[in-house]
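Here's the letter readout for the chains.
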Amino acid sequence: MTRPPLLSPGEIAARLESLPGWTQSGGALRCELVFDDFAEAFGFMTRVALAAEKMDHHPDWSNAWNRVSVRLSTHDAGGITDLDFRLAAVMQRLMKKVV
């Protein structure tokens, strides 16, 4: 699969406006998500994992009880691409189903 090109800083800033809670830092999109408990956080991660596998684009993330820390970048492109924003949008939709 051919990966999309890196996005410019202006493109990244404009797209971040539609993703509340997401920031850019260190060449990646980042978000800290808080759930009611571990089961809810892990269930969210499971649903995202299934979507990420279909996209062939996987997050760098960690889970501590009810928190999920997410870092998205396209490693083989060396930074932030459309794929990262597409996966972040999937996460946003899945968060709305949880809340």
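Our structure is the block above this text.
This structure is a prediction, so every number in the text was calculated from the model and none was measured.

A. Here's a closer look at the overall build of the chain. For the chain, the helix and strand inventory stands at three helices and four strands. Along the chain direction, N to C, the helices and strands of the chain fall in the order α-β-β-α-β-β-α. Once the C-alpha set of the chain is aligned to its principal axes, its extents read approximately 35 × 25 × 20 Å. A fraction of 68% describes how many contacts in the chain between residues 6 or more apart in sequence connect residues 24 or more apart.

B. Broad picture of the pattern of salt bridges. All chains considered together, the criterion is met by three salt bridges. Note that Asp82 and Arg15 form a salt bridge whose closest N and O atoms lie 2.7 Å from each other. Here Asp82 is found in helix H3 (residues 82-98), whereas its partner Arg15 is found in helix H1 (residues 9-16), with 67 residues between them in sequence. Here Asp82 falls in the partly exposed class, since its relative accessible area comes to 26%. Taking the relative accessible area as the measure of exposure, Arg15 reaches 29% and is therefore partly exposed. Notably, a salt bridge pairs Asp82 with Arg86, separated by 4.0 Å at the nearest N-O pair. Of this pair, Asp82 and Arg86 are both found in helix H3, four residues apart, which corresponds to roughly one turn of the helix. Residues joined in a network through salt bridges with shared partners are Arg15, Asp82 and Arg86.

C. Local environment of the sheet that holds strand E4 (residues 67-72). Across the sheet, four strands lie side by side as E1-E2-E4-E3; this open sheet has antiparallel pairing. Edge positions in the sheet fall to strand E1 (23-25) and strand E3 (60-64), since each has one partner strand and no second. Each adjacent strand pair in this sheet contributes to an overall mean axis angle of 25 degrees, direction not counted.

D. Inspection of unusual backbone geometry at higher detail. In the Ramachandran plot, Asp56 falls in the positive-phi region, its phi being about 55 degrees despite a non-glycine side chain. Counting through the fold element by element, Asp56 comes out in the loop between helix H2 (38-55) and E3. Phi is positive for Trp65, close to 50 degrees, though the residue is something other than glycine. Mapping Trp65 onto the fold places it in the loop between E3 and E4.

E. Structural context of the side chain of Thr81. As for its placement among the helices and strands, Thr81 is situated in the loop between E4 and H3. Within the local environment of Thr81, its side chain forms a polar contact with the side chain of Thr74, the two groups lying 2.6 Å apart. The contacts of Thr81, once residues within four sequence positions are left out, are Pro4, Pro5, Leu6, Leu7 and Thr74.

F. Region of interest: a nonpolar patch on the surface. Together, Phe38, Phe42 and Trp65 make up a nonpolar patch on the protein surface, roughly 360 Å² of accessible area in all. Mapped onto the elements of the fold, Phe38 is located in helix H2. For Phe38, a relative accessible area of 39% gives the class partly exposed.

Conventions adopted
Residues numbered from 1 in each chain as written. Predicted model: local features only at pLDDT ≥ 70, side-chain atom pairs only at ≥ 80, totals over all residues. Heavy atoms only, no water. Helix = DSSP H or I, 4+ residues; strand = E, 2+ residues; numbered from the N terminus. Contact = heavy atoms within 4.5 Å. Salt bridge = Lys/Arg side-chain N within 4 Å of Asp/Glu carboxyl O. Buried < 20%, exposed > 50% of the residue type's maximum accessible area, 1.4 Å probe, protein only. Pairing = 2+ DSSP bridges. Axes fitted to C-alpha atoms, helices over the stretch in contact; angles between N-to-C directions. Polar contact = N/O pair within 3.5 Å; in protein donor to acceptor, adjacent residues only side chain to side chain. Patch = residues over 30% accessible without salt bridge, like charges linked within 9 Å, V, L, I, M, F, W, Y side chains within 5 Å. Areas by Shrake-Rupley, 256 points an atom, 1.4 Å probe, with all protein chains shown as cover.

What is shown is where atoms sit, not what they do.
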